Amino acid sequence: MFKILKYSFYDLIRSRWSYVYFLFYLLLGFVLLFLNNDVSKAIITLMNVIIILVPLISTIFGIMYFYNSKEFTELLLAQPVKRSSIFLGQYLGVAGSLTLSLVLGLGIPFVLYGLFKSDAIFDFSLLLVTGAFLTLIFTVLAFNIALSNENKIKGFGYAVLLWLFMAVIYDGLFLMSLIIFKQYPLDSFSLGATIFNPIDLSRTLILLKLDISALLGYTGAVFKKFFGTDQGLFVSIFMLIFWTVLPIWRLVFVSRKKDF
Amino acid sequence: MIHIENLQKKFGKNIVLSDLDLIIEKPGVFAILGPNGSGKTTLIKSVLGMVVPDKGNISVMGKPIKKNFKYRKKIDYLPQIANFPGNLKVYELIRMIKDLRQSPSDEERLIQLFKLEPFLDKKLSTLSGGTKQKVNIVMAFMFNSPLLILDEPTTGLDPASLIHLKNLIREQKEMNKTVLITSHIMQFVAEVSDIIVYLLEGNIYFKGSIEELKTKTGQTDLEHAIAAIAIEPAHV
Amino acid sequence: MRYLGLLYFTFLLFTTASLWAKPITICESCEIKSISEGVKRAVDFDTLLVKKGTYKEFNIIIDKPLTLIGDNYPIIDGEKKGEIIRIISDDVTVDGFFIINVGTSYTTDYAAIRVVKSDNFLIQNVVLEKLFFGIYLEKSNYGKVYHNKIIGDAKDEYNSGNGIQLWYSHHVEVSSNIVQGARDGIYLEFSDNITINNNKSTGNLRYGLHFMFSDNDIYTNNLFEDNGAGVAVMFSKGIIMKGNTFRKNWGTASFGVLLKEINDAEISDNTFEENTIGINIEGSNRIDYIGNNFINNGWAVKVLGACYANSFKGNNFMYNSFDISYDGKLNDNIFDGNYWSDYTGYDLDKNGIGDVPYRPVKLFSYIVNKTPESIVLLRSLFMDIIDFSEKVSPVFTPDNLLDANPLMTKVE
């Protein structure tokens, strides 16, 4: 698997798009920090970017890579290599290079700015960890979509739809159900609904740092326990891991049964 | 070498292989022929493990291939369409495959043979179809595996390269290897193969030497013989 | 000025007392072994010098003008039997004691030091621990509570007392005290013209400062942090709050400051940081909010009920989850010339003032008021989208609630 990973990774870090992605984050980091000169504001803006853009780019990148490397995959399938290794290797190659672009692209300006001396270091690390998780999750979701759809256009459409759903539509439905059922106790429901969407989950994780004062304003006991203690952090991270592992498992499972 | 029992494969409602049995024991060149859509490629891909059969057992070198991948080290495969990752350069691709297989190889000789030296440093996406096919051939022949599977090896080759290819196949035969070939060029098949395996509607319709086939159909050349069994399936 | 005068007065007290008589020394091996005994033997304006040691006493009643000075923090241990010191005479000074184990009662508010109907008192450098009430001023005026440290261990509201309590006491200065772990850090009721400055009131069970029916009081440069619900200022007028810091008051209905029925106040140069609600305003009128910093609060300002003629000018609103929450009409309240970190407008004429107005009330804040659970959707793209559409054409939020002159850079 590590050989496949190595070659996918090699292939990707030489591709133009990885650099575009990397440079985008580099530029964003520099603009936010050096033109604005305000770490707190930079972190809030970055959060919005990470929550929305990272899933979008990971999805598109993942699906494009999968379709474009069809030949590579077929070449590998005839080699004495395990199927799961081929797909896991490719997946980790894509997700790894995307994560690297993200972490380096944002990390470099922040380090240059002197982040290690500021107390925003924890917020920032949390942001990067969340970004990394979102990359892992949305890339593997994209791989799953691609694996189940031979038709590129269809697969691409589903992938963008997935992003749109997770990033916007889900929250809209969520809010509507909160408003419709507001006479019922909803705190467990709303926490549950948060957990079932990795974007919301990541957002919550960041909210725990940035907006804890507002979150603690709500009366519900379940909320209080979730946001007021370390429980929220642990549950969120656990669920993010779950969101990563489950689609990977499906990827391996489906790829084993698939004909090429 | 290869034991196939009861092999069955459907793609959707379309039955591609139905209860196919095939035993290839001795070394030699086996040509797998049949009309378009008769299941040649599916059969080959089943042996390679790229297609997962619905039913049936396949063993290669005495071991079932299910949940096994190491047996592929014993097989060299030349795919029908020479599609390679475009970002890689030719030498990188060769190095990568060597790295993956970890077997001794003699690509130098083959590269010289097909005069590929000037292309080694080029990206695969920039190569012409014929050059790609040569790279494809190099990669299939550079290892010394007991079983070779060649899916339409002649596609896009110039006459000189075609001669080299034929020589290579003969070399393998002399080395007592088993070679499976699919091709639409009957002249080529007639030149290189010992045994014809004819597929029709997902099953083996005929298996035997070229001579047997000619006798059976009463034709003097292979092309007509093949055409004849395809048209007159009543001749059993 | 008053501070200087008091100092001068104390100085005078010391010198005149020492002119008249030598200090009465109290120690374990001395002739006088207890403070009560010392007080009994002393005459007016004597000084009692209490040497280091532990004095197990309670109900020490100081009924004449005396100066009690602890030498190197002698311990007065009340053994939880009741009140420890009660001052019932004018001109009493208590300085430099370590007082522990005040009795707890559900019927009597036992205090470590209680001043009853006495003026011109000075309580300073006293450390109080294991207390019920700390320093309790009852109908006592013109005194000073300075540089004391009160450390309680309050767990429940019903069996704990306040750190410093003023009741019907006027013209008192409470400064440079540290109060923590009490029920209310500092509690004022019916006390006018009080000055409260440089105190640190932290980790108290209920309020850092609690304040009812007390007019014309001034708070400056205090720190209120991590209290149950922050600072509550109720039913008072003529209050000046300046340069205070309110931090980390987290929880349901927890706030930096609660203003309830407050009229004619000035709230300036304060910092509200990381509170669930920075200022919670209910039925308060004619208040000027100038030059305050609202940083990282859940809601910087929450306005409930009818409020009139409040003006917010030159404040910094930075990184709050919500800047303003409003449940009624804007009335004649004014937001003008503040800095809002969420402001995304431009300044083409480079005069430092944004060219388009800023709307501090978001639709989301309105939704959260109606459906509290929706707070989990904070900062989601969906909310940003509907907030944006509301910004473009206000439907649910008061459309005249805006800052016409938002600043481009923050007020220093």
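Residues numbered from 1 in each chain as written. Chains lettered and ligands numbered in written order. Predicted model: local features only at pLDDT ≥ 70, side-chain atom pairs only at ≥ 80, totals over all residues. Heavy atoms only, no water.

For chain C, the name recorded in an unreviewed UniProt entry is Nitrous oxidase accessory protein, with Maribacter ulvicola as its organism.

Taking an unreviewed UniProt entry as the reference, chain A is identified by name as Cu-processing system permease protein belonging to Maribacter ulvicola.

**Points about the interface of chain A and chain B**
Taken together, the contacts link 24 residues of chain A with 28 residues of chain B. For the chain A and chain B pair, buried surface summed over both sides reaches about 2400 Å², with 59% attributable to carbon and sulfur atoms. For chain A, the biggest contributors to the area lost against chain B are Y7, P80 and D259 of chain A; these three give 24% of the whole. Across the pair D259 of chain A and K9 of chain B runs a salt bridge whose closest N-O atoms are separated by 2.6 Å. (Contact = heavy atoms within 4.5 Å. Buried area = accessible area lost by both parts, 1.4 Å probe. Salt bridge = Lys/Arg side-chain N within 4 Å of Asp/Glu carboxyl O.)

**Some thoughts on the domain arrangement of chain C**
You can read the domains of chain C as domain 1 (1-203) and domain 2 (229-361 + 397-412). When each unit is reduced to the centre of its C-alpha atoms, the spacing between domain 1 of chain C and domain 2 of chain C is 38 Å. (Domains from an automatic or database assignment.)

**As for the state of the cysteines**
All names here are of chain C. A complete count under the given rule lists one disulfide over all chains for this structure. A sulfur-sulfur separation of 1.9 Å characterises the disulfide bridge that pairs C27 with C30. One quick way to see it: the torsion about the S-S bond of C27 and C30 is about 95°, and its sign makes the bridge right-handed. Each member of the pair C27 and C30 is classed as buried. (Disulfide = S-S within 2.5 Å. Buried < 20%, exposed > 50% of the residue type's maximum accessible area, 1.4 Å probe, protein only.)

**Some words on the UniProt feature "transmembrane region" (unreviewed entry) in chain A**
Residues and elements named next belong to chain A. In this structure's numbering, the residues bearing the UniProt feature "transmembrane region" (unreviewed entry) are residues 20-36, 42-67, 88-112, 124-147, 159-181 and 233-253. With 94% helix and 0% strand, the stretch residues 20-36 has end C-alpha atoms that lie 23 Å from each other. Here residues 88-112 runs as 100% helix and 0% strand, with 35 Å between its end C-alpha atoms. (UniProt positions renumbered as here; feature names shortened; annotations may be inferred. Helix = DSSP H or I, 4+ residues; strand = E, 2+ residues; numbered from the N terminus.)

**Some remarks on the sheet that holds strand β2 (residues 14-24) of chain B**
All names here are of chain B. Read from one edge of the open sheet, four strands run β2-β1-β4-β5, paired in antiparallel fashion. Because the sheet does not close on itself, it has two edges, and the strands there are β2 and β5 (63-64). Examined bridge by bridge, strand β1 (residues 2-11) and strand β4 (residues 55-60) share five bridges and lie antiparallel to one another. Paired with Q8 across the bridge in β4 is K55. (Pairing = 2+ DSSP bridges.)

**A short note on the sheet that holds strand β8 (residues 178-182) of chain B**
All names here are of chain B. A sheet is described by the order of its strands in space; here six strands give the open sequence β6-β7-β8-β3-β9-β10, paired in mixed fashion. At either end of the open sheet lies a strand with only one pairing partner, and these are β6 (75-78) and β10 (203-209). Taken over all neighbouring pairs, the strand axes of this sheet differ in orientation by 15° on average, direction set aside. Relative to β10, strand β9 (residues 195-200) is paired through six bridges, and the arrangement is antiparallel. (Axes fitted to C-alpha atoms, helices over the stretch in contact; angles between N-to-C directions.)

**Some words on the packing of aromatic side chains**
By the definition in use, this model includes 36 aromatic pairs over all chains. Look at F294 of chain C and F317 of chain C: their rings are 4.7 Å apart centre to centre, the planes differ by 10°, and that puts the pair in the stacked class. Of the two residues, F294 of chain C is situated in strand β32 (residues 293-295) and F317 of chain C in strand β35 (residues 316-318); the sequence distance between them amounts to 23 residues. Here F312 of chain C and F335 of chain C contribute two aromatic rings whose centre-to-centre distance is 4.7 Å and whose plane-to-plane angle is 10°, an arrangement assigned as stacked. In this pair, F312 of chain C sits in strand β34 (residues 311-313) while F335 of chain C sits in strand β37 (residues 334-336), placing the two residues 23 residues apart along the sequence. One exposure class covers both F312 of chain C and F335 of chain C, and it is buried. Aromatic rings pair up to connect F224, F246, F272, Y289, F294, F312, F317, F335, W340, Y343 and Y358 of chain C into one cluster. Taking the ring centre of F143 of chain B as reference, the NZ or CZ of R101 of chain B above it sits at 4.9 Å. Taking NZ or CZ as reference, K144 of chain C lies 4.6 Å from the ring centre of Y146 of chain C, over its face. (Phe/Tyr/Trp six-rings, centres within 6.5 Å; stacked < 30°, edge-to-face > 60°. Lys NZ or Arg CZ within 6 Å of the ring centre and 35° of its normal.)

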